[in-house]
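# Observations on chain architecture
Here is what each chain is made of, one letter per residue.
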Amino acid sequence: MPYSQDFINALNHAAIITETDLQGRIISVNELFCKISGYSAAELLGSPHRIVNSGVHSKEFFNEMWRRISSGNTWCGEVCNRAKDGSFYWVQATIFPVFHAETNEIYRYAAIRFDITEKKEQELALSRRAAQYKAVIETTDGFCRINRNGRFLDVSEGYCHITGYSQDELMQMNIYDMDASENFVERMNNFKYLIESNGKSYEAKRRRKNGSIWTAEINASYSTLDDGSLFVFFHDITERKSMEEHNEMLRQQVNQMQKLDSIGRLTAGIAHDFNNVLASILGYNDFNQDISDEMPESEMKRELRHNVEQVKIAANRAVELINKMLTYTRQKVPRKTKDTKPTAQVIEEVVNMLRSGLTSKFQVELNLDASLNIDVDTIDMHQIMTNLLVNARDAMRQQGSGSIKIQLQITRNLNGHCDACFKQITGDFIELSVSDTGTGIDKETIRHIFDPFFTTKSVGEGTGLGLSVVNGIVRDSGGHLLVDSQLGKGTTFRLIFPLPSNSQSI
Ligand SMILES: Nc1ncnc2c1ncn2[C@@H]1O[C@H](COP(=O)(O)OP(=O)(O)OP(=O)(O)O)[C@@H](O)[C@H]1O
Ligand SMILES: [Mg+2]
């Protein structure tokens, strides 16, 4: 049945329709072909179809097309053609041979072509965007695309490289699995921050597959595709951060040294002058004592004796204080003979000595390796233990109960920072630790507790010299101090000393 005129009109309207002879010369065109190509029908008729060849396709492309249609088959494909004004247009072409009704031989070729320029331009724009996207991704250390639940939708090779996970592994994971925090709630809070950060750069700690931590500079922004996905770019700034931290540590060390040096000099000066004043007070007091001894028994003599005694007590307290100050500044004349009782024994002695204020109210647990000896003078060891135990008692005094744990042991593979001198410490040590279940100390305060005269106690209750003295003794024996503390839970002072050279086999 022949096609209706309406159908033919519609087809003419929608498609470019041409016919060529066996050599490819155009023998019929429709209006749309003229309109799209920009050539008039007169220019097209009789011309080879090559007239609209854009040069985009290879010779093989057209050879294959001719091979198909000349062997009686239909060829379909997308072709880029060139209009008269030089602009390109794309068509979806169906070209087929037309057979003679009587001889059944091919006597011409017909083609129906639909204009797909717009679709092709969109495809090209998309692939250009994809290439740009790839280029941007390659400029960052790591990139991923996630959905609003944190699921990975896309990860770059760089991201796999930094995290140590394969692409397949990551596609089964969520971005918050990469967070360095062990605490789930914290990881969720960090994830919330990420999805709300939109364009704001920030730093965060991340965990690699092998457990090591890296520092990332993160920048996340929502996809313009409006599918709710988030592009996340990472820069690995681990090295830069550790350099900054190292520099900060050095700065603190220098500051601390300068501070201690100037306070030390000031303290030594005051203590020295004060010692002279005390010597004279005690000297005159001794005269008074001699005078009172000479006096006959009387009310006045008893009163004088009492006063002399009180002056002596007060002056001796002042001497003790000066000794503390001198111990801190290490200006004290070194003892001629160093007395080193077994460390465990000294510790037990101090605990017994403080029995009335300590063991009667608080539980004291001792866990001492008696074979270990810290190379510190017995009197200095007494000072250390007394100060640490009195501090522990004071920290638990308000709550009225608690426990103190004293340990003497070997600690291997330590890796930490000294809280007094801020130096990094690694290796094996003898560790003496005193833990309490008291108030705890906040991080900012810990930075100051080893400073001479730093105290949080009220006037008359503390001089702020206890830990400075401990620090001075520990420092002189080549040791360091580490403080672990949690507010409301308690504090552990860890004193670490070098292992004696013959103790490698312990
Ligand atoms: N175990 C502890 N728990 C809580 N805070 C502590 C502890 N040990 C020390 N501190 C804090 O460190 C500060 C300094 O301690 P340090 O022993 O140097 O001085 P002090 O105890 O205040 O005075 P004193 O010279 O009498 O020892 C204390 O005032 C206190 O705030
Ligand atoms: Mg103290």
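Predicted model, so just to flag it, every value in this text is computed and none were measured. (Residues numbered from 1 in each chain as written. Chains lettered and ligands numbered in written order. Predicted model: local features only at pLDDT ≥ 70, side-chain atom pairs only at ≥ 80, totals over all residues.)

## Thoughts on the domain arrangement of the protein
The domain architecture assigned to the protein consists of domain 1 (5-115), domain 2 (140-236), domain 3 (248-329) and domain 4 (343-503). A C-alpha centroid distance of 27 Å is found between domain 3 and domain 4. The partner domain 4 presents 11 residues to the 12 residues of domain 3 that form the contact. When residues of the side of domain 3 that touches domain 4 are traced back to their parent elements, those giving at least two are α9 (238-294) and α10 (299-329). Ranked by residues supplied to the side of domain 3 that touches domain 4, first place goes to α9 with 7 residues. Tallied by class, residues from the side of domain 3 that touches domain 4 come to 5 nonpolar, 5 polar and 2 charged. (Domains from an automatic or database assignment. Contact = placed C-beta atoms within 7 Å. Helix = DSSP H or I, 4+ residues; strand = E, 2+ residues; numbered from the N terminus. Nonpolar A, V, L, I, M, F, W, Y, C, P; charged D, E, K, R; others polar.)

## Regarding the sheet that holds strand β13 (residues 424-436)
The strand order β11-β12-β13-β15-β14 describes an open sheet built from 5 strands, whose pairing is mixed. In this open sheet, the two strands that pair with only one neighbour each are β11 (363-368) and β14 (480-486). Ignoring which end each strand starts from, the neighbouring axes of this sheet average 30° apart. Here β11 pairs with strand β12 (residues 403-417) via 6 bridges, running parallel. Within β12, the residue paired with N367 across the bridge is Q407. Its contacts with the sheet put helix α12 (residues 378-397) on β12, β13 and β15 (490-498), and the angle it makes with β13 is roughly 55°. (Pairing = 2+ DSSP bridges. Axes fitted to C-alpha atoms, helices over the stretch in contact; angles between N-to-C directions.)

## A few points about the site of ligand 1
In the neighbourhood of ligand 1, 21 residues make up the surrounding shell, with A395, T455, G462, G466 and L467 lying closest. Listing elements by their share of the shell around ligand 1, those giving two or more residues are α12 and α14 (466-476). The residue makeup of the shell around ligand 1, split by class, is 7 nonpolar, 12 polar and 2 charged. (Near = placed C-beta within 6 Å.)

## Considerations on the pairing of β11
Little of β11 is tucked away: 0 of the 6 residues are buried. The handedness of the β11 to β12 crossover, carried by α12, is left-handed. (Buried ≥ 20, exposed ≤ 12 C-beta atoms within 10 Å, placed from the backbone. Right-handed = clockwise from strand over helix to strand, strands pointing away.)

## Comments concerning the environment of S87
For S87, the location among the structural elements is in the loop between β3 (75-82) and β4 (88-99). Along the primary structure S87 and T18 are separated by 69 residues, whereas in three dimensions their C-alpha atoms are 20 Å apart.

## With respect to helix α11 (residues 343-353)
Taken together, the buried positions of α11 are occupied by T343, V346, I347 and V350. For α11, the buried positions fall inside an angular range of 100° around the axis, keeping them on one side. Against β11, α12 and β12 lie the buried residues of α11. (Arc of directions from axis to C-beta.)

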